[in-house]
Amino acid sequence: MQALEKLVATLSTWVWGPLMLTLLVGTGLYLTILLKGLQFRALPHAFKLIWTKDQDHEGDISHFAALMTALAATVGIGNIVGVATAISLGGPGAVFWMWVTGLVGMATKYSEAVLAVKYREKGPHGMRGGPMYYLSKGAGLPWLGTLFAVFTACAAFGIGNMTQANAAAKIFEATFNVPLMTSGIVLSLLTGLVILGGIRSIGRFTSFLVPLMIVTYVSASLWVLIMHVQQIPHAFGLIFYHAFNPSAATGGFAGATVAAAMRFGIARGVFSNESGLGSAPIAAAAARTNHPVKQALVSMTQTFIDTLVVCTMTALVILTASSWTQGVSPAELTSSSMAESLGHTGRVIVAISTALFAYSTLIGWHYYGEKAIEYLLGSHWIKAYRVTFTIAVMIGAITSLEFVWNFSDLANGLMAIPNLIGLLLLSKIIKQETTRYFSSKNNA
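Overview of the structure. (Residues numbered from 1 in each chain as written. Predicted model: local features only at pLDDT ≥ 70, side-chain atom pairs only at ≥ 80, totals over all residues. Heavy atoms only, no water.)

**A short note on the overall build of the protein chain**
Applied cut-off: Helix and strand definitions here come from DSSP, where helices need a minimum of 4 consecutive H or I residues and strands a minimum of 2 consecutive E residues; each element is numbered from the N-terminal end. Atoms considered for the radius of gyration are the C-alpha atoms alone. The globule rule reads 2.2 Å times the number of residues to the power 0.38. Between buried and exposed lies partly exposed: a residue is buried under 20% and exposed over 50% of the maximum accessible area for its type, with that area taken using a 1.4 Å probe on protein chains only. The contact rule is simple, with two residues in contact once any of their heavy atoms fall within 4.5 Å. Calculation of accessible area relied on Shrake-Rupley with a 1.4 Å probe; when residues are assessed, cover is drawn exclusively from the protein chains displayed. When charges are counted, Lys and Arg contribute as positive and Asp and Glu as negative, whereas His and the chain ends are disregarded. To locate a charge, take NZ of a lysine, CZ of an arginine, CG of an aspartate or CD of a glutamate.
A count of helical and extended segments in the protein chain gives 20 helices and two strands. Relative to the 2.2 N^0.38 estimate, which gives 22 Å for 444 residues, the radius of gyration of the protein chain is 21 Å and therefore close to what a compact globule would have. Once the C-alpha set of the protein chain is aligned to its principal axes, its extents read approximately 55 × 50 × 45 Å. The 444 residues of the protein chain split such that 61% are buried. Here the analysis covers contacts within the protein chain between residues at least 6 apart in sequence; of these, 84% occur between residues at least 24 apart. By element, 67% of the accessible surface of the protein chain is carried by carbon and sulfur atoms, the whole surface being about 16,900 Å². Charged side chains in the protein chain number 26 positive and 17 negative. The centres of these two groups are separated by 10 Å.

Have a look at this one:
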């Protein structure tokens, strides 16, 4: 078993090495150029489209519900612990490189959703789409679509299930002394109540939970920043300066090179916003819309909200405090930083936010895994998958998961490879659909 764990850890490190990160950011940059900076030009229009109903068009849920389902899976513990890890290992400059992944990742997220809606199909349990469908139907590579679905099904039980349940259970144990088993049972029941109803149930639930949890966390962060308003310019100065200059050792902070800032900023940014992994377009395919570009524009706001808003709030809370210079572990850094201003209340806010972020990720990733299972085994396996997924939540909450974390990272990284191939092969289709939409008089 130890040999297997070592192998998986080694493969995960290799998959998420410089080549993968360069490919992810490079694809986003290529799509940004191809689409002439669409994510900057069309962002106001994209936010407007979130609220359009398109009730008479094909699909299962609204633009808003599809966005919230994708955000549920994306806004997770990476927005709290991931940002803290980037700063701890890469210094303040890592935040700049997280922003870079977000800005170019918006073009990637947009492109994924264009293809997901264009090549989706109607199934017995609603619309189904995503990389496995556009790889098969669009690129003519069904074997690559199958590989993507296999990796997604594996990742759904790891990064999308057991690790999230474990993170939520452990922080409730540390903050409120709630036993792991109790948290596991409650999480399992809450997950089952939502996912057994399918995408419409998930859409309704995430439409309520996700805005609530994001607004609550951002509001708490803004409260802290108002208390440290004079230090905000200094925090931004640290971010921009150390993006291109080494961070010197200070207090308990060991210092970081520019290469470390780039590496950990890009890696944590990609983990947080998932642009290029191919997960979010599975939710986008369920949206009611009459044109692929409409939902794609809505989908790209997901990366903006995740990285440019939520991750930035975490980063500024950390950099306007002193804990990051005192050797506090990444797992405790955000909590400790917020506690500097709000005392124990700050720790409670971070604990509840972490639990909610983890729980929402469970719900969103369940849907991704379900569609992967449906693609691989057929719709008759969906009920069994939902029950198995619910049970796995309880197991994850009470189990040591070092192997699962490494395996999840590996599966997550392997998802990106076929997806990026599909994006590059179908980039002309993305361009054509975009041109057709914006040249139409009915694009409002």
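**Section: the packing of helix α8 (residues 131-138) against helix α9 (residues 142-176)**
Quick reminder of the rule: For every element, the axis is a line fit to its C-alpha atoms; helices are fit only across the contacting stretch, and the angle between N-to-C directions ranges from 0 to 180 degrees. Comment on the angle field: the value is read as roughly parallel under 35 degrees, roughly antiparallel over 145, roughly perpendicular from 65 to 115, and oblique elsewhere.
At a closest axis distance of 7 Å, the pairing of α8 and α9 adopts a crossing angle of 175 degrees. Taken together, α8 and α9 sit at an angle that is classed as roughly antiparallel. On α9, the residues that touch Pro131, Met132, Leu135 and Ser136 of α8 are Pro142, Leu144, Gly145, Phe148 and Ala149.

**Considering the packing of aromatic side chains**
Just so we agree on the cut-off: Between the rings of Phe, Tyr and Trp (Trp by its six-membered ring), a pair exists once the centres lie within 6.5 Å; its type follows the angle of the planes, with under 30 degrees stacked, over 60 edge-to-face, and the other angles tilted.
In total, this model carries 19 aromatic pairs according to the counting rule given. With centroids separated by 5.2 Å and ring planes inclined at 75 degrees, the aromatic side chains of Trp365 and Tyr368 adopt a geometry described as edge-to-face. You can see Trp365 and its partner Tyr368 sitting in helix α17 (residues 344-377), three residues apart, about one turn around the helix. Per residue, the accessibility class of Trp365 equals that of Tyr368, and both read buried.

**What about the pattern of salt bridges?**
Basically, it comes down to this: Counted as salt bridges are all cases of a side-chain nitrogen of Lys or Arg within 4 Å of a carboxyl oxygen of Asp or Glu.
Under the definition given, this model contains nine salt bridges. Ionic pairing is found between Glu121 and Lys137, a salt bridge with its closest N-O pair at 3.5 Å. Here the residue Glu121 occupies a position in strand β1 (residues 121-123), and Lys137 occupies one in helix α8, the gap between them amounting to 16 residues. For Glu121, a relative accessible area of 25% gives the class partly exposed.

**Thoughts on the nonpolar core**
Put simply, the test is: The nonpolar core is taken to be a set of buried Ala, Val, Leu, Ile, Met, Phe, Trp, Tyr and Cys residues, with the residues joined through side-chain atoms within 4.5 Å.
Counting 144 residues, the largest nonpolar core has Trp16, Tyr110, Ile214, Leu297 and Tyr368 as its most contacted members. Top contributing element to this core by residue count: helix α15 (residues 292-319), with 15 residues. With near-sequence residues (within four places) excluded, Tyr110 lies in contact with Leu35, Leu38, Val293, Ala296, Leu297, Met300, Ile430 and Thr434.

These figures come from the coordinates and say nothing about function on their own.
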